[in-house]
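Overview (structure and organization)
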Amino acid sequence: MPIVDSKTSKTRKNYTIEELIEAANYMRGLNMVSLCAAGSGHSGGTMSIMDIASALYLHVATHDPKNPFWGGRDRIIWSTGHKAPSLYLALGMSGYYDVEEVVKLRKLYSPYQGHPHWVKLPGVEASTGSLGQGLSIAVGIALAAKLDNKNYHVYALTGDGEHQEGQMWEAIMEAGNFKLDNLTNVLDKNRLQIDGWVKDVMDIDPIVDKYKAFKWNVIEVDGHNMKEILDAFEKAKSFKGKPTLIIAHTIKGKGVDFMENVAGWHGKSPVCEQMERALEQLGFKDKKDILDKDKLFKKAEDYQAEATKKLEAKQPKFSNDYFWNRMDKMKAKMDATRKGFGRALNEVGDDERVVCLGADISGSITISDFYKDHPERKRRFLSMGIAEQSGTGVAAGLAKEGKFPVIGTYGVFAAGRNLDQLRTTVCYGNFNVFIVGAHGGVSVGPDGATHQALEDLFQICGLPNMHVCVPCDSIETNKATKFMLFNVKGPKYIRFAREATPVITTEDTPFRFGQANIIRYRGEKDDFIDAFETKLASDYKSENEDLTIISCGPMVPEAMRAAYILKEDFGIESRVINMHTLKPLDKKTIIQSASDTGIIITAEEHQVGGFGNWVANVVSQAKELYRKPMVMGMIGVKDRFGESGKPWELVKEFEVSAEHIAQKAKELYDLKNK
């Protein structure tokens, strides 16, 4: 049944096969414009699934755009949340909103997040993004329908690489066991994932035989043949006694020749010239009456201008605009901390004990730099696919036999998805496994909440035997990687960011694992780095500063910039501590600084307290401070999830910029000295 009026049960609109094909093509064109306007996103998979999305939302599923939460609607779960633009376009085409609104994709405050969030956008049935979870949600919804004797149908949209996650097979087993004939899983089998061909990374075939063994009905179709797609959906809905899998054989990047069957277009958006070529190939050249890209870009730009105005109105104000590289002086070089990790592996990877385990985002987190210039090392690079939990257990097995395994993925998955494996297998066994938590903090940007690691320090620092380092820039990341890999015995976790952040150390800057550095502002210079002096805490003598800012990771340069603001605007002297090692924590330096200055501010790109609570614990238990007056504040994300936006927008939106540190510091300074 197509789109209906839930009050009258009348059909709102019928689509012919030709109209569905035309709609899918139009959605592909809007997709290219939206991704280009966003400057980020996933081109390949959004293009491969568009025919399925058109068929499902415009012809197959029963739903009412005017009544999104109508109880009689069919439920559609996008387990592959990175294909969110296809979902948004399908909802827009269905009438939930003006489909052209999707050009606000991935922008700050927009409901069209990098991965779908059902709280923000009616029509979205579940918030997804961490692969492998959506089919389980669909199983639960289908079970609820059975328990309540309701006849709605449940559809899950999954990917082939996603089937490397163990949770997928638990859900598949459950659906077959419970005979959920009100559930259809559509597998978008485009054969590619980020690290390459699925068959080469971690082969999931023979997928038909596997599903049948788990008591599923299986249908295979050409995922770009609209008649075959519609016939398959009809058969699936009428099949009784088993859940149905529709395997849709598709082409990643369908419709654009330079995107088709190219793994590199998985998580990449087109630039303007590429978008123009794509629109021409899709048949939209000189068809402004159908798809007016200039009007769409104007809509996106106007929205961005309003979002920027709203954001800037919330920022603390000082005598100058002290933000990075806004002035003629105090210029900072930018480089991503993840680059330092990749360089380190490239430099020391000849050691035969080192084995790297990739989890499908190898290039993004730079773990593939281990073998990129050294093909002879490729045999020691294991592509584990999208399977963080098992990969962690494999790493433990390698460590048990004397290898130095390095397993890396986004911090949300490295710390959260496999927390039990880290706790029970790695830490309890005290195995020498090096865990990489990449893309930490909000500065990962437009991917949104599901991919922004804001809780990983809570999860990781609480594990016994774990060693934790959060280096401040790419150079310190390089040093920390090498030291931890060869000199720290037992479980170890390094956290770094995706976005390029200021370089504030040099090769000569001291780095001693387990001991903090103290940084002092010495006066304005042409280059930001030259305006500061850095010493090991053990070599530092108090200068009777007014307050102490303790930070880690890319928040260290923010703390330094806050010290600059405080001195120039208020004459306040700040002691900045780079606490790159969180476990073991340099308690002596914390206590000494609390005693010397009487004011402590912690700064973290994390839920507030993940780092700050450890510092507070040291301060509260230090007998040396019992009779000394002291005030303390924390800067961090305030108990909220992340969202899509440009990296530096989110640093401001989540109130972790230097301006917010300086504001808090001035507040505490005034409180203590009034």
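The structure we're discussing is the one just above.
Below or above, wherever it landed, is the structure these notes cover. Bear in mind that the values here come from a model prediction, so they are computed numbers and not experimental data. (Residues numbered from 1 in each chain as written. Predicted model: local features only at pLDDT ≥ 70, side-chain atom pairs only at ≥ 80, totals over all residues. Heavy atoms only, no water.)

Quick look at the overall build of the chain
- Regarding its fold elements, the chain presents 24 helices and 22 strands.
- In terms of C-alpha radius of gyration, the chain reaches 26 Å, essentially the compact-globule figure of 26 Å for 674 residues.
- For the chain, the C-alpha atoms occupy an extent of roughly 80 × 55 × 50 Å along the three principal directions.
- Across the 674 residues that make up the chain, the buried fraction comes to 61%. (Helix = DSSP H or I, 4+ residues; strand = E, 2+ residues; numbered from the N terminus. Rg over C-alpha atoms; globule rule 2.2 N^0.38 Å. Buried < 20%, exposed > 50% of the residue type's maximum accessible area, 1.4 Å probe, protein only.)

Description of helix H19 (residues 474-487)
- The first and last C-alpha atoms of H19 sit 20 Å apart over 14 residues, in line with the 20 Å expected at 1.5 Å per residue.
- H19 sits mainly inside the fold: 10 of its 14 residues count as buried.
- Three or more residues of H19 are buried, namely Ser474, Ile475, Glu476, Thr477, Asn478, Lys479, Ala480, Thr481, Met484 and Leu485.
- At the N-terminal boundary of H19, the capping side chain belongs to aspartate 473, with an oxygen 3.2 Å from the backbone nitrogen of isoleucine 475. (Expected span 1.5 Å × (residues − 1). Polar contact = N/O pair within 3.5 Å; in protein donor to acceptor, adjacent residues only side chain to side chain.)

Quick look at the packing of helix H3 (residues 50-60) against helix H4 (residues 84-94)
- It is at 9 Å that the axes of H3 and H4 come closest, and there the two elements cross at 35°. Seen from above, H3 lies across H4 with right-handed handedness. Touching Met50, Ala53, Tyr57 and Leu58 of H3 are Ser86, Leu87, Leu89, Ala90, Leu91, Met93 and Ser94, all from H4.
- Here the residues of the contact of H3 with H4 are counted per class, giving nine nonpolar, two polar and no charged. (Axes fitted to C-alpha atoms, helices over the stretch in contact; angles between N-to-C directions. Left-handed = near helix turned anticlockwise from the far one by under 90°. Contact = heavy atoms within 4.5 Å. Nonpolar A, V, L, I, M, F, W, Y, C, P; charged D, E, K, R; others polar.)

With respect to the sheet that holds strand E21 (residues 599-607)
- Strand order in the open sheet formed by six strands is E17-E16-E19-E18-E21-E22, with mixed pairing between adjacent strands. The sheet is open, and its two edges are formed by strand E17 (532-536) and strand E22 (631-637), each paired on a single side. Pairwise comparison of adjacent strand axes, ignoring direction, gives a mean angle of 20° for this sheet.
- Across four bridges, the pairing between strand E18 (residues 547-551) and E21 is parallel. What sits directly across from threonine 548, in E21, is isoleucine 600. (Pairing = 2+ DSSP bridges.)

Considering a nonpolar patch on the surface
- Nonpolar side chains collect at one region of the surface, where Phe69, Trp118 and Val119 lie side by side and expose about 350 Å² of accessible area between them.
- Mapped onto the elements of the fold, tryptophan 118 is located in the loop between H4 and helix H5 (134-147). (Patch = residues over 30% accessible without salt bridge, like charges linked within 9 Å, V, L, I, M, F, W, Y side chains within 5 Å. Areas by Shrake-Rupley, 256 points an atom, 1.4 Å probe, with all protein chains shown as cover. Salt bridge = Lys/Arg side-chain N within 4 Å of Asp/Glu carboxyl O.)

What to know about the nonpolar core
- Judged by nonpolar contacts, the single largest core of 67 residues is most densely connected at Met32, Leu56, Tyr88 and Phe233.
- Per-element accounting of this core gives the leading share, 10 residues, to helix H1 (residues 17-38).
- Ignoring sequence-local partners within four residues, the contact set of tyrosine 88 consists of Tyr97, Val102, Leu105, Pro111, Tyr112, Gln113, His115, Pro116, Leu121 and Val124. (Core = buried A, V, L, I, M, F, W, Y, C linked by side-chain atoms within 4.5 Å.)

Side note on the packing of aromatic side chains
- As enumerated under the stated definition, the model contains 21 aromatic pairs in all.
- Their ring planes at 35° and their centres at 6.5 Å tell us that tyrosine 57 and tryptophan 78 sit as a pair that is tilted. Here the residue tyrosine 57 occupies a position in helix H3, and tryptophan 78 occupies one in strand E1 (residues 75-78), the gap between them amounting to 21 residues. Tryptophan 78 carries the same exposure label as tyrosine 57, and that label is buried.
- Pairing tyrosine 410 with phenylalanine 413 gives two aromatic rings, centres 6.0 Å apart and planes at 15°, and the pair type is stacked.
- In this structure an aromatic cluster arises from ring pairing among Tyr322, Trp324, Tyr521, Phe528, Phe532 and Tyr564.
- The aromatic ring of tyrosine 152 is capped on one face by arginine 75, whose charged end is 3.8 Å from the ring centroid.
- Above the face of the phenylalanine 323 ring, lysine 652 is positioned so that its terminal group lies 4.4 Å from the ring centre. (Phe/Tyr/Trp six-rings, centres within 6.5 Å; stacked < 30°, edge-to-face > 60°. Lys NZ or Arg CZ within 6 Å of the ring centre and 35° of its normal.)

What about the environment of lysine 227?
- If you trace the backbone, lysine 227 turns up in helix H9 (residues 226-238).
- Classification of lysine 227 by relative accessible area gives partly exposed; the value is 49%.
- For the pair formed by lysine 227 and leucine 20, sequence separation is 207 residues and the distance between their alpha carbons is 9.9 Å.

So, the sheet that holds strand E2 (residues 154-159)
- On the basis of which strands lie adjacent, the open sheet formed by five strands has the order E1-E2-E3-E7-E6 and parallel pairing. Looking at the sheet topology across the chains shown, the edges are occupied by E1 and strand E6 (217-222). Averaged over neighbouring strand pairs, the angle between their axes works out to 20° when direction is ignored.
- In the sheet, E6 pairs with strand E7 (residues 244-249) via six bridges, with the strands oriented parallel. Within the sheet, the bridge partner assigned to glutamate 220 lies in E7 and is isoleucine 247.
- Here H9 sits on the sheet and contacts E2, strand E3 (183-189), E6 and E7; the angle it forms with E6, its principal contact strand, is near 170°.

Overview of the state of the cysteines
- Tallied over the full model, the rule gives zero disulfides.
- Cysteine 272 provides the cysteine sulfur closest to cysteine 36, a residue in no disulfide bond, and the two sulfurs are 3.9 Å apart.
- For cysteine 36, a relative accessible area of 10% translates into the label buried. (Disulfide = S-S within 2.5 Å.)

Description of the packing of H5 against helix H6 (residues 166-177)
- H6 packs onto H5 with a crossing angle of 20° between their chain directions and a minimal axis gap of 8 Å. Considered as vectors, H5 and H6 are oriented roughly parallel to each other. The way H5 lies across H6 gives a crossing that is left-handed. Residue-level inspection shows Leu135, Ser136 and Val139 of H5 in contact with H6, the latter providing Gln167, Met168, Ala171, Ile172, Glu174 and Ala175.
- Of the residues belonging to the contact of H5 with H6, the class tally is six nonpolar, two polar and one charged. (Parallel < 35°, antiparallel > 145°, perpendicular 65-115°, else oblique.)

A short note on helix H24 (residues 658-673)
- With 16 residues, H24 extends 22 Å from end C-alpha to end C-alpha; this agrees with the ideal 22 Å at 1.5 Å per step.
- Taken together, the buried positions of H24 are Ala658, Glu659, His660, Ile661, Ala662, Ala665 and Leu668.

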